[in-house]
Amino acid sequence: MKKIALITGASKGLGFETALQLGKKGFTVIVTARTQLKSDEAATKLKTKDIDALGVQLDVNNSKDITNLVSFLTERFGKLDVLINNAGVQLDFPGFMPGNSTETVSMEILKQTFETNFFAPIALTQQLLPLLKKSDAGRIVNVSSIMGSLALHADAGSPIYGIKLLAYNSSKTALNQFTLHLAEALKDTLIKVNSAHPGWVKTDLGGEYAPMSIEDGVKTIVDLSTLDVNGKTGAFIHLGESLPW
């Protein structure tokens, strides 16, 4: 049976390109979006490129959508090989402009950001773990960001020091903690869990001034999705190199 990869937030940007690249490697890709229409449109585009793709509705903050997705995967495939928690939001400021939102960010923005970037990946992953444990090479990739690095935010000489987006940055720090904790919990299984920093990429979130193309941005995600048995687990990676937590 072909390997099955599920990508959240896959209707465009990094999610769509990740599905494309994994599809080219022979994976069946499950592309999800907040509506069935958007997920179907993404799957149709992939099929025109000879990718084995299926669209499934998944608003990561909707527990009913998660339940329906798990039921679909269980009945259709009976396993899951790769889970890529890609869906995310950045609501502090547009793009990644220098600034500090700490004094002004609202509780609403903080809660919305954590709901999508932290709580949702945990809820989805926990529900999908039984299917991932049926894979002979389960891989979980949490799409994080260098913006979640406490070490770099404490270093006045680092390139991200001046970008203090409290809601977004903190949510990615928390997501990295989830990666570490889950990797430890699954250390005696065949599943590997890692955080990926794609880079500053030209997407709706990254903005037009980002230096990296989407094609380059997905390299880290794809590499972590296809790790061999000797690959790392519980790591924070960008283009093969470990980042400081």
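Residues numbered from 1 in each chain as written. Predicted model: local features only at pLDDT ≥ 70, side-chain atom pairs only at ≥ 80, totals over all residues. Heavy atoms only, no water.

Participant: Looking at this structure, I do not really get helix 2 (residues 36–47). What am I missing?
Facilitator: For helix 2, built from 12 residues, the straight-helix expectation of 16 Å at 1.5 Å per residue is met to within 8% by its first-to-last C-alpha distance of 16 Å. Looking at helix 2, one finds that the buried residues are Ser39, Ala42, Ala43 and Leu46. Axial view of helix 2: buried residues confined to an arc of 95°, hence all on one face. Tucked into the core, helix 2 has its buried residues touching helix 1 (13–24), strand 2 (28–33) and strand 3 (53–57). (Helix = DSSP H or I, 4+ residues; strand = E, 2+ residues; numbered from the N terminus. Expected span 1.5 Å × (residues − 1). Buried < 20%, exposed > 50% of the residue type's maximum accessible area, 1.4 Å probe, protein only. Arc of directions from axis to C-beta. Contact = heavy atoms within 4.5 Å.)

Participant: What's the story with the environment of Asp65 in this structure? I'm lost.
Facilitator: Structurally, the position occupied by Asp65 is in helix 3 (residues 63–76). Accessibility expressed as a relative area gives 8% for Asp65, which makes it buried. Put simply, Asp65 and Leu124 are 59 residues apart on the chain and 9.8 Å apart in space, counted from C-alpha to C-alpha. Not counting the four nearest positions on each side in its chain, Asp65 is found in contact with Gln57, Leu58 and Asp59. At 2.9 Å, the side chain of Asp65 and the backbone nitrogen of Asp59 are in polar contact. (Polar contact = N/O pair within 3.5 Å; in protein donor to acceptor, adjacent residues only side chain to side chain.)

Participant: Before we go on, may I ask you to explain the pairing of strand 9 (residues 235–238) in this structure?
Facilitator: Looking along a regular strand, one sees side chains alternate from face to face of the sheet. Alternating residues of strand 9 divide into Ala235 and Ile237 and Phe236 and His238, and every residue in both groups is buried. Pairing of strand 8 (residues 192–196) with strand 9, which is carried by 3 bridges, proceeds in the parallel orientation. Within the sheet, the bridge partner assigned to Ala196 lies in strand 9 and is Ile237. One ladder, built from 2 bridges, connects strand 9 with strand 10 (residues 241–242); its direction is antiparallel. Across the sheet, residue Ile237 finds its bridge partner in strand 10, namely Ser242. (Pairing = 2+ DSSP bridges.)

Participant: What is the right way to look at the packing of helix 4 (residues 107–132) against helix 6 (residues 166–185) in this model?
Facilitator: For any two helices packed against each other, one specifies the crossing angle of their axes together with the interaxial distance. At a closest axis distance of 8 Å, the pairing of helix 4 and helix 6 adopts a crossing angle of 20°. Overall, the two elements helix 4 and helix 6 adopt an arrangement that is roughly parallel. As helix 4 packs across helix 6, the resulting crossing turns out to be right-handed. Judged by residue contacts, Ile109, Leu110, Thr113, Phe114, Asn117, Phe118, Pro121, Ile122, Thr125 and Leu129 of helix 4 engage Leu166, Ala167, Tyr168, Ser170, Ser171, Lys172, Ala174, Leu175, Phe178 and Leu182 from helix 6. (Axes fitted to C-alpha atoms, helices over the stretch in contact; angles between N-to-C directions. Parallel < 35°, antiparallel > 145°, perpendicular 65-115°, else oblique. Left-handed = near helix turned anticlockwise from the far one by under 90°.)

Participant: Honestly, the side chain of Asn169 in this entry has me stumped. Any pointers?
Facilitator: Considering the arrangement of structural elements, one finds Asn169 in helix 6. For Asn169, the side chain forms a polar contact with the main-chain oxygen of Ile163, separated by 3.0 Å.

Participant: In this structure, what is going on with helix 1? I would like to understand it.
Facilitator: Because an α-helix completes one turn every 3.6 residues, residues spaced three or four positions apart along the sequence face the same direction. Compared with an ideal rise of 1.5 Å per residue, which puts 12 residues at 16 Å, helix 1 spans 17 Å between its outermost C-alpha atoms and is within 8% of the ideal. Within helix 1, 9 of the 12 residues are buried, leaving the element largely enclosed by the surrounding structure. Of the positions making up helix 1, those classed as buried are Leu14, Gly15, Phe16, Glu17, Thr18, Ala19, Leu20, Leu22 and Gly23. The inward-facing, buried residues of helix 1 contact strand 1 (4–7), strand 2, helix 2, strand 4 (82–85), helix 7 (214–217) and helix 8 (219–225). Just beyond helix 1, the residue with positive phi is Gly26, at close to 100°.

Taken by themselves, the reported measurements are silent on function.
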